[in-house]
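Spelled out, the chains give:
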Amino acid sequence: MLRESGDIPTRTEVLVLGAGMAGHCAALTAAEAGAQVLFLEKSAQPGGSSAMAGGGFVFVGTDEQKAAGVGDSLEALRRDLFESGKGKNNPALVDAFLENQLETYEFLRRHGVRFELYPASPPTVPRALMTGTGRAVSNLHMAARAHPNIRFFSKSAATRLHRSPDSGKVDGANVYFGDREARIDVTGAVVLATG
């Protein structure tokens, strides 16, 4: 990826650090809510570990399952998650995932991610959706780059967060951009989506 041109802004409403799956979802969600977003990645290319992951997701109730005539349920997915986790899963995190999994699937599809249902042998229910290595984050990056409320810069590593002495709220960060360090003031929120 080519280096972005221009100077990095020194003020933004939302600062998102890290351009993997989580960072892209945070940047897009904030921008779609009307915020001006500065989206930074320390590497030369977006993706982080998400770009190296195998591109597999697990969801229940997807269009791909419906088209294949697959009967599935959240209860079955919950049981299978605890079985594969050998019962060591955090129940609150599993429940949070289950409550939001279909909305996550729809968000990803809305932003260009395409899924294929991975076949499974009985008794396993086909629910794994594949995108291909790095494809989901690539699709999300295209959506982020196209959004007018998002400014993206690679090769921009955050080195320090700042807190307001009055409120204690994180209100900025120092970032290396090129050969200089800049302070970014944030009026809304800082989202850490770094590895």
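Residues numbered from 1 in each chain as written. Predicted model: local features only at pLDDT ≥ 70, side-chain atom pairs only at ≥ 80, totals over all residues. Heavy atoms only, no water.

Chemist: Looking at this structure, I do not really get the packing of aromatic side chains. What am I missing?
Modeler: Each pair of aromatic rings is reported with the distance of its centres and the angle of its planes. All told, the structure shown has seven aromatic pairs when counted by the stated rule. For the pair Phe39 and Phe152, a centre-to-centre distance of 5.4 Å together with 70° between the ring planes defines the contact as edge-to-face. With Phe39 in strand β2 (residues 37-40) and Phe152 in strand β6 (residues 150-153), this pair connects stretches of sequence that are 113 residues apart. Exposure class is identical for Phe39 and Phe152. Each is buried. One aromatic cluster is present, built from ring pairs that chain together Phe57, Phe59, Tyr105 and Phe115. (Phe/Tyr/Trp six-rings, centres within 6.5 Å; stacked < 30°, edge-to-face > 60°. Helix = DSSP H or I, 4+ residues; strand = E, 2+ residues; numbered from the N terminus. Buried < 20%, exposed > 50% of the residue type's maximum accessible area, 1.4 Å probe, protein only.)

Chemist: Would you mind going over helix α4 (residues 91-110) with me for this structure?
Modeler: Because each turn of an α-helix spans 3.6 residues, side chains separated by three or four positions end up pointing in the same direction. With 20 residues, α4 should reach 28 Å at 1.5 Å per residue; the first-to-last C-alpha distance of 29 Å fits that figure. Maximal helix bending in α4 amounts to about 50°, located at Asn100. Listing the buried residues of α4 in full gives Val94, Leu98, Gln101, Tyr105, Phe107 and Leu108. Next to the buried residues of α4 lie α1 (21-32), β3 (56-58), α2 (63-67), α3 (74-84), β5 (128-130) and α5 (135-146). With its phi angle positive at about 95°, Gly112 sits one or two positions after the end of α4. (Expected span 1.5 Å × (residues − 1). Bend = angle between axes of the 7 residues up to and from the residue. Contact = heavy atoms within 4.5 Å.)

Chemist: Help me understand the environment of His147, please; the structure alone is not making it clear to me.
Modeler: The residue His147 is located in the loop between α5 and β6 in this model. Looking at His147, the relative accessible area reads 18%, which means it is buried. Separated by 120 residues in the primary sequence, His147 and Ala27 place their C-alpha atoms 9.7 Å from one another. Once residues within four sequence positions are removed from consideration, His147 is found in contact with Ala31 and Glu32.

Chemist: Sorry if this is basic, but what is going on with unusual backbone geometry here?
Modeler: Trans is the prevailing form of peptide bonds, just as negative phi is the prevailing case for residues other than glycine. For Lys86, which is not a glycine, the phi torsion comes out positive at approximately 55°. You can see Lys86 is positioned in the loop between α3 and α4. Even without being glycine, Lys155 reaches a positive phi, approximately 50°. Within the secondary structure layout, Lys155 lies in the loop between β6 and β7 (156-163).

Chemist: Could you clarify how one ought to interpret the environment of Glu106 in this entry?
Modeler: Take Glu106: it is sitting in helix α4. You can call Glu106 partly exposed: its relative accessible area is 41%. Taking the C-alpha atoms as reference, Glu106 lies 8.6 Å from Thr62; in sequence the two are 44 residues apart.

Chemist: I'm lost on the pattern of salt bridges in this one. Help?
Modeler: Enumeration according to the criterion identifies seven salt bridges in this entry. Of the charged contacts, one joins Asp80 and Arg79 as a salt bridge, the two residues approaching to 3.4 Å between their closest N and O atoms. Here the salt bridges share partners, and the residues they tie into one network are Asp72, Arg79, Asp80 and Arg127. (Salt bridge = Lys/Arg side-chain N within 4 Å of Asp/Glu carboxyl O.)

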